[in-house]
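# Per-entry structural report
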Amino acid sequence: MNEATPTALALGLLRGPGSTARTILGLAGPPGAGKSTLARHLVTEINRAEGPGTAAYVPLDGFHLSAAQLDRLGLTHRKGAPATFDAHGYLALLQRIAADRFQDIYVPDFDRTLDEPVAARHVVHPQTRLVVTEGNYLASTDTPWPDARRLLRELWYVHADDTVREDRLLRRHRDGGRDEATARHWVTGNDHPNGEYVKAGRPLCTRTVSGTDLPLAPESRTVL
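In this report, the structure presented in the accompanying data block is examined. Sequence order as written defines the numbering, with residues in each chain counted from 1. Side-chain atom pairs in this predicted model are given and counted only at pLDDT of 80 or more, local residue features only at pLDDT of at least 70, and totals for whole chains, interfaces and linings cover all residues. The side-chain numbers reported here are obtained from all heavy atoms of the structure, hydrogens and water having been left aside.

Another aspect to go through is the packing of aromatic side chains. Side-chain rings of Phe, Tyr and Trp, where Trp is taken by its six-membered ring, are said to pair if the distance between their centres is within 6.5 Å; with planes under 30 degrees apart they count as stacked, over 60 as edge-to-face, and otherwise as tilted. All told, the structure shown has five aromatic pairs when counted by the stated rule. Aromatic side chains Phe63 and Tyr90 sit 5.8 Å apart centroid to centroid with 75 degrees between the ring planes, which places their arrangement in the edge-to-face category. Pair noted here: Phe63 is in the loop between strand S2 (55-59) and helix H3 (67-73) and Tyr90 is in helix H4 (residues 87-99), with a separation of 27 residues, a long-range link. Here the two residues Phe63 and Tyr90 agree in accessibility, since each one is buried. In this text, helices come from DSSP runs of H or I with a minimum length of four residues, and strands from runs of E with a minimum of two, each type numbered from the N-terminal end. Burial classes follow relative accessibility: with a 1.4 Å probe on protein chains only, a residue under 20% of its type's maximum area counts as buried, one over 50% as exposed, and anything between as partly exposed.

Dropping the structure here:
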């Protein structure tokens, strides 16, 4: 028997006991694994199957610290590392999503053209039953990530081979304006250690899903 697709697995979270409650599905994985592409695909497919607004997208990348704050903290060279996110702000948003079924909840994102976080790009509606949230550090054991993880129904680890991830990351950085040498330096000096840190959390995840051969995201600005 063929293994169920990620879309079928996500649809399964909306059925059975407690199916009227709001469910939060998390996707963890190292940089370039395909998390945002998979998350956007799941949201699109769930809304196609169950109706508009049934699923919503909540990216951790919306909680990147701004360039001004990174400069203040001396962390510009480590952008994307755990310390460069407002993790407690992300946790507070998840707590509100889990508890508030009466108001539209606006969700920030990260704009790679601006290279800055932007407010209110996404929205969780009162009728939203499945929230798909993704980010590098959802499986981390450091504070406050375990508190965030307790709000998730399931946490999937998105896997892609390191060579695939490196190719994606190099393309991302080149598209962002870095030359080849600078892009490679960023991948080896920043993305690689971040990815190794993320891999340690894989045993805490509910299941592993593939981050390769994913359909194109609805937007071309996927951050993978």
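From this point on, the discussion continues.
Two pairing modes exist for strands in a sheet, parallel and antiparallel, and in both the strands are linked by backbone hydrogen bonds. Paired strands, as defined in this entry, are two strands with at least two bridges between them according to DSSP. Taken together, the five strands give an open sheet; going across it, the order is S2-S5-S1-S6-S7, and neighbouring strands pair in parallel fashion. The open sheet terminates on both sides in strands that have one partner only, identified here as S2 and strand S7 (207-210). On average, each strand axis in the sheet is inclined to that of its neighbour by 25 degrees, with strand direction left out of account. Working rule for contacts: check all heavy atoms of both residues, and any pair within 4.5 Å makes them a contact. Comment: axis = line fitted to C-alpha atoms, over the contacting stretch for helices; angle = value between 0 and 180 degrees taken between N-to-C directions. Set on the sheet, helix H2 (residues 35-50) makes contact with strand S1 (23-28), S2, strand S5 (130-134), strand S6 (154-159) and S7; between it and S2 the angle comes to about 165 degrees.

Let us look at the pattern of salt bridges. Salt bridge, as used here, is a side-chain nitrogen of Lys or Arg placed within 4 Å of a carboxyl oxygen of Asp or Glu. Here the structure, examined in full by the defined rule, presents 15 salt bridges. Lys199 serves as the salt-bridge partner of Asp162, at 2.9 Å between the closest nitrogen and oxygen. Of this pair, Asp162 sits in helix H6 (residues 162-175) while Lys199 is found in helix H7 (residues 180-199), placing the two residues 37 residues apart along the sequence. Classification of Lys199 by relative accessible area gives partly exposed; the value is 26%.

Moving on, we come to the side chain of Asn190. Here Asn190 shows up in helix H7. A relative accessible area of 1% places Asn190 in the buried class. Excluding residues within four positions of it along the chain, Asn190 makes contact with His77, Arg78, Lys79 and His185.

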